[in-house]
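Spelled out, the chains give:
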Amino acid sequence: MACGAVLQASANTAPRPHQRRTPARFDLSQLKRILVTGGAGFLGSHLCERLVSDGHDVICLDNFFTSQKSNVAHLLPRSNFELIRHDITLPCWLEVDEIYNLACPAAPGHYQYNPIKTMKTSVMGAINVLGMAKRCRAKVLQASTSEVYGDPEVHPQAESYRGSVNTLGPRACYDEGKRAAETLFMDYHRANRVNVRIVRIFNTYGPRMHPFDGRAVSNFIRQALRAEDITVFGDGSQTRSFCYRDDLVEAIIRTMNAPDTLIGPINIGNPGEFTIRELAELVIELTGSKSRIISRPLPQDDPRQRRPDIALARKHLDWEPKVSLREGLKETIDWFRSINMGHYRAPTPNY
Ligand code: NAD
Ligand code: UDP
């Protein structure tokens, strides 16, 4: 057993009545033991919350590199939730039915902080969860990314597009790590018949984003609420498509539950496309901020455009995003207003 300490609610702590699982509410034959790696992060914590409320036995595994326990503290009293501090680059011995593999820093500032560790997390993390899935005969879903398309020459991006990634640049540790993980998922599927799913997630935002992760949405909201200058990189004409976290969580659960023939990759994102300047202007409008927009140099290899083609998700998952950027930003801004940003720290040095 190579895992770290298991943190969970004490066995003596009886769940409060509203927390108790009732057979009347859940079909026990459908309840599963589910591992979420990176489960304390922005997306992972929302996924855990949803799976716990659906009654599953959920194990959240995280090394807290880019997150904090406060993201899942409210789940600790639940008898069907466990928290494990563990680094997914090391093997882990658990018995589960399904694995959602989300462990990986996702914001450019976070993944470039220690690029070698980022690559290890994607590649060794994939090998470790795939090995576990093979041993347990578990189903395993990989949180891949639109970054596998790099700076795309094809627009919008469909899953058939093979991408344009600079293997030598500062984003490559993330992009190539995720590409290698996709390869490992397909090889374990072909060689060992592991039941896999691959989703390619496009920019997703919402409450519990790390306020200092350096992403456009979190930076702009934080800057607007503090009446600081809003830092648009380059001329702001580069585009992104922003998906709200609730839409994303619904889509990845549908992918996990889809027939085994749906291996993917499958794009998950909101096809609404905005320039970064439009995003900055919308944040200023919704916050009522007096912030000015200023220009900063465009980072190397910053993709010029990004928009998902979600035809496959529409067809196979009967899914499409419901939350507009305006609505999602309002929720996110409300959450940013409610937190004490002083409680968030920069990523832990992690060599
Ligand atoms: P996040 O940084 O909030 O969450 C990642 C989590 O993984 C954190 O809790 C972090 O502590 C944990 N982690 C990192 N390295 C680890 C390791 N070696 N061992 C164990 N835990 C580790 O980011 P997020 O936005 O929630 O992203 C979650 C997943 O979704 C990532 O795999 C990311 O690549 C993918 N994704 C996210 C987006 C997005 O826009 N949010 C887009 C594409 C893909
Ligand atoms: N960006 C920006 N100002 C910021 C942070 C980001 O203009 O303070 C730009 C960034 O250069 C990119 C876009 O916003 O063009 C989205 O960046 P983010 O880091 O959110 O996501 P990614 O580049 O990974 O899609």
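Refer to the structure printed above.
Each value, and the rule that gives it
Residues numbered from 1 in each chain as written. Chains lettered and ligands numbered in written order. Predicted model: local features only at pLDDT ≥ 70, side-chain atom pairs only at ≥ 80, totals over all residues. Heavy atoms only, no water. Helix = DSSP H or I, 4+ residues; strand = E, 2+ residues; numbered from the N terminus. Rg over C-alpha atoms; globule rule 2.2 N^0.38 Å. Buried < 20%, exposed > 50% of the residue type's maximum accessible area, 1.4 Å probe, protein only. Contact = heavy atoms within 4.5 Å. Areas by Shrake-Rupley, 256 points an atom, 1.4 Å probe, with all protein chains shown as cover. Lys, Arg positive; Asp, Glu negative; His and termini not counted. Charge placed at Lys NZ, Arg CZ, Asp CG, Glu CD. Phe/Tyr/Trp six-rings, centres within 6.5 Å; stacked < 30°, edge-to-face > 60°. Near = heavy atom within 4 Å. Polar contact = N/O pair within 3.5 Å; in protein donor to acceptor, adjacent residues only side chain to side chain. Nonpolar A, V, L, I, M, F, W, Y, C, P; charged D, E, K, R; others polar. Axes fitted to C-alpha atoms, helices over the stretch in contact; angles between N-to-C directions. Left-handed = near helix turned anticlockwise from the far one by under 90°. Salt bridge = Lys/Arg side-chain N within 4 Å of Asp/Glu carboxyl O. Disulfide = S-S within 2.5 Å. Core = buried A, V, L, I, M, F, W, Y, C linked by side-chain atoms within 4.5 Å.

K.L.:
Give a detailed account of the overall build of the protein chain, specifying residues and quantitative values.
P.N.:
For the protein chain, the count of helices and strands is nine helices and 14 strands. For 351 residues, the compact-globule formula gives about 20 Å, and the C-alpha radius of gyration of the protein chain, at 20 Å, lands near that figure. Seen through its C-alpha atoms, the protein chain measures out along the principal axes to roughly 55 × 45 × 40 Å. The buried share among the 351 residues of the protein chain stands at 55%. A separation threshold of at least 6 residues defines the contact pool for the protein chain, and within that pool the share at least 24 residues apart is 82%. By element, 51% of the accessible surface of the protein chain is carried by carbon and sulfur atoms, the whole surface being about 15,400 Å². On the protein chain, the mean spot of the 45 positive side-chain charges and the mean spot of the 38 negative ones are 4 Å from each other.

K.L.:
Please provide a residue-by-residue account of the packing of aromatic side chains, values included.
P.N.:
By the definition in use, this model includes eight aromatic pairs. Arranged with centres 4.4 Å apart and planes meeting at 5 degrees, the rings of Y111 and Y174 form a pair that is stacked. One end of the pair, Y111, is in helix α2 (residues 108–111); the other, Y174, is in helix α4 (residues 172–192), and 63 residues separate them in sequence. With respect to burial, Y111 and Y174 carry one shared label: buried. Taken together, the ring pairs in this structure connect Y149, Y161 and F202 into an aromatic cluster.

K.L.:
Outline the site of ligand 1, supporting the account with residue identities and numerical values.
P.N.:
The full set close to ligand 1 counts 29 residues, and D62, T66, S67, Y174 and T204 are the nearest of them. Within the side chain of D62, one N or O atom sits 2.5 Å away from an oxygen atom of ligand 1. Protein contacts shield 97% of the accessible area of ligand 1, which totals 820 Å² for the unbound molecule. Only α1 (42–53), β6 (139–145) and α4 provide two or more residues apiece to the shell around ligand 1. Take the shell around ligand 1: its biggest share by element is three residues, from β6.

K.L.:
I'd like a rundown of the site of ligand 2, residues and numbers included.
P.N.:
As a structural note, the neighbourhood of ligand 2 is formed by 18 residues, with T231, F233, R240, D302 and R306 the closest of them. Within the side chain of E147, an N or O atom sits 3.3 Å from an oxygen atom of ligand 2. In the model, an oxygen atom of ligand 2 is placed 2.7 Å from a nitrogen or oxygen of the R240 side chain. For ligand 2, the protein covers 96% of the area, taking 520 Å² as the surface of the free molecule. Only α5 (216–225) and β9 (230–233) provide two or more residues apiece to the shell around ligand 2. Class assignment for the residues of the shell around ligand 2 results in seven nonpolar, five polar and six charged.

K.L.:
Describe in detail the packing of α1 against helix α6 (residues 245–257), supporting the description with residues and values.
P.N.:
Look at α1 against α6: their axes get within 10 Å of each other, and the N-to-C directions meet at 65 degrees. Where α1 crosses over α6, the two elements pack in a sense that is right-handed. Touching F42, L43, H46, L47, R50 and L51 of α1 are R245, L248, V249, E250, I252 and I253, all from α6.

K.L.:
How would you summarise the pattern of salt bridges if you had to cite specific residues and measurements?
P.N.:
Scanning the entire structure with this criterion turns up 22 salt bridges. Residue K117 is joined to D87 by a salt bridge in which the shortest nitrogen-to-oxygen separation is 2.5 Å. Pair noted here: K117 is in helix α3 (residues 115–136) and D87 is in the loop between β4 (81–85) and β5 (98–101), with a separation of 30 residues, a long-range link. Just as K117 is buried, D87 falls in that class too.

K.L.:
Explain the state of the cysteines to me, using residue names and the numbers behind them.
P.N.:
Scanning all chains against the criterion turns up zero disulfides. Here C104 is not cross-linked by a disulfide; its sulfur's nearest cysteine counterpart is in C173, at 8.4 Å. The class for C104 is buried, based on a relative accessible area of 16%. No disulfide involves C136; its sulfur sits 9.8 Å from the nearest other cysteine sulfur, which is in C92.

K.L.:
If you had to explain the nonpolar core to someone new, which residues and values would you point to?
P.N.:
Nonpolar side chains in soluble globular proteins generally cluster together in the buried interior. Within the largest apolar cluster, 63 residues are counted, with the highest numbers of intra-cluster contacts made by L47, F81, Y100, I268 and L329. When residues in this core are grouped by element, the largest group, seven residues, is from helix α7 (residues 276–287). Beyond its immediate stretch of four places on either side in the chain, L47 contacts V36, Y100, L102, V249, I252 and I253. Counting 26 residues, the second-largest nonpolar core is a separate cluster that includes I59, L130, C136 and I263.

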